[in-house]
Amino acid sequence: MNVFEELREVALRQNAEGEFPGWLLADVLSIADDPERYGDRTHLVETLVSQIREYDPSAGAGCFGTAVGIEEIRATLRHLTLP
């Protein structure tokens, strides 16, 4: 499985489990579905996979260790989609 397939799988699974917000899912899937466009930024895609895997809607509200919040994910998405 390549990193783009992994991104799709992780995002869909997290969304189905009710953790990952649906309003952000389309942006993530558009990256997963366009490896030709984002192929030169696989390091950021790998970061995004890790962040979505560790996403916790309560991140930042207390001591959640390695939990990742939505703003970190949005920042990575912005870096990925810069021209």
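Worth saying up front: this structure is predicted, and the values here are computed from it rather than measured.

Now for the nonpolar core. Among the nonpolar cores identified, the biggest contains 23 residues, and Leu7, Phe20, Ile31, Leu48, Ile52 and Ile73 are the most heavily contacted of them. Listing elements by their share of this core, those giving two or more residues are helix 1 (3-16), helix 2 (22-32), helix 4 (42-53) and helix 5 (70-81). Excluding residues within four positions of it along the chain, Ile73 makes contact with Phe20, Leu24, Leu48, Gln51, Ile52, Tyr55 and Val68.

The subject of this paragraph is the packing of helix 4 against helix 5. Axis separation between helix 4 and helix 5 bottoms out at 10 Å; the angle between their running directions is 160°. When the axes of helix 4 and helix 5 are compared, the pair comes out roughly antiparallel. Considering how the two elements wind past one another, helix 4 and helix 5 form a crossing that is left-handed. Contact with helix 4, carried on its side by Leu44, Val45, Thr47, Leu48, Gln51 and Ile52, involves Glu72, Ile73, Thr76, Leu77, His79 and Leu80 of helix 5 and no other residues of that element.

A few words on helix 5. Spanning 12 residues, helix 5 covers 16 Å between terminal C-alpha atoms, matching the ideal 16 Å at 1.5 Å per step. Among the residues of helix 5, Ile73, Thr76, Leu77 and Leu80 are the ones counted as buried. Along helix 5, the residues classed as buried sweep out an arc of 100° about the axis, all on the same side. On the buried face of helix 5, the contacting elements are helix 2, helix 3 (35-38) and helix 4.

With that settled, the discussion passes to the packing of helix 1 against helix 2. At a minimum axis distance of 9 Å, the contact between helix 1 and helix 2 shows a crossing angle of 165°. Accordingly, the angle class assigned to the pair helix 1 and helix 2 is roughly antiparallel. Note on packing geometry: the crossing formed by helix 1 with helix 2 is left-handed. Taken together, the residues of helix 2 that come into contact with helix 1 (itself represented by Phe4, Leu7, Arg8, Ala11, Leu12 and Asn15) are Gly22, Leu25, Val28, Leu29, Ile31 and Ala32. By residue class, the composition of the contact of helix 1 with helix 2 is 9 nonpolar, 2 polar and 1 charged.

What counts, and at which threshold
- Residues numbered from 1 in each chain as written.
- Predicted model: local features only at pLDDT ≥ 70, side-chain atom pairs only at ≥ 80, totals over all residues.
- Heavy atoms only, no water.
- Core = buried A, V, L, I, M, F, W, Y, C linked by side-chain atoms within 4.5 Å.
- Buried < 20%, exposed > 50% of the residue type's maximum accessible area, 1.4 Å probe, protein only.
- Helix = DSSP H or I, 4+ residues; strand = E, 2+ residues; numbered from the N terminus.
- Contact = heavy atoms within 4.5 Å.
- Axes fitted to C-alpha atoms, helices over the stretch in contact; angles between N-to-C directions.
- Parallel < 35°, antiparallel > 145°, perpendicular 65-115°, else oblique.
- Left-handed = near helix turned anticlockwise from the far one by under 90°.
- Expected span 1.5 Å × (residues − 1).
- Arc of directions from axis to C-beta.
- Nonpolar A, V, L, I, M, F, W, Y, C, P; charged D, E, K, R; others polar.

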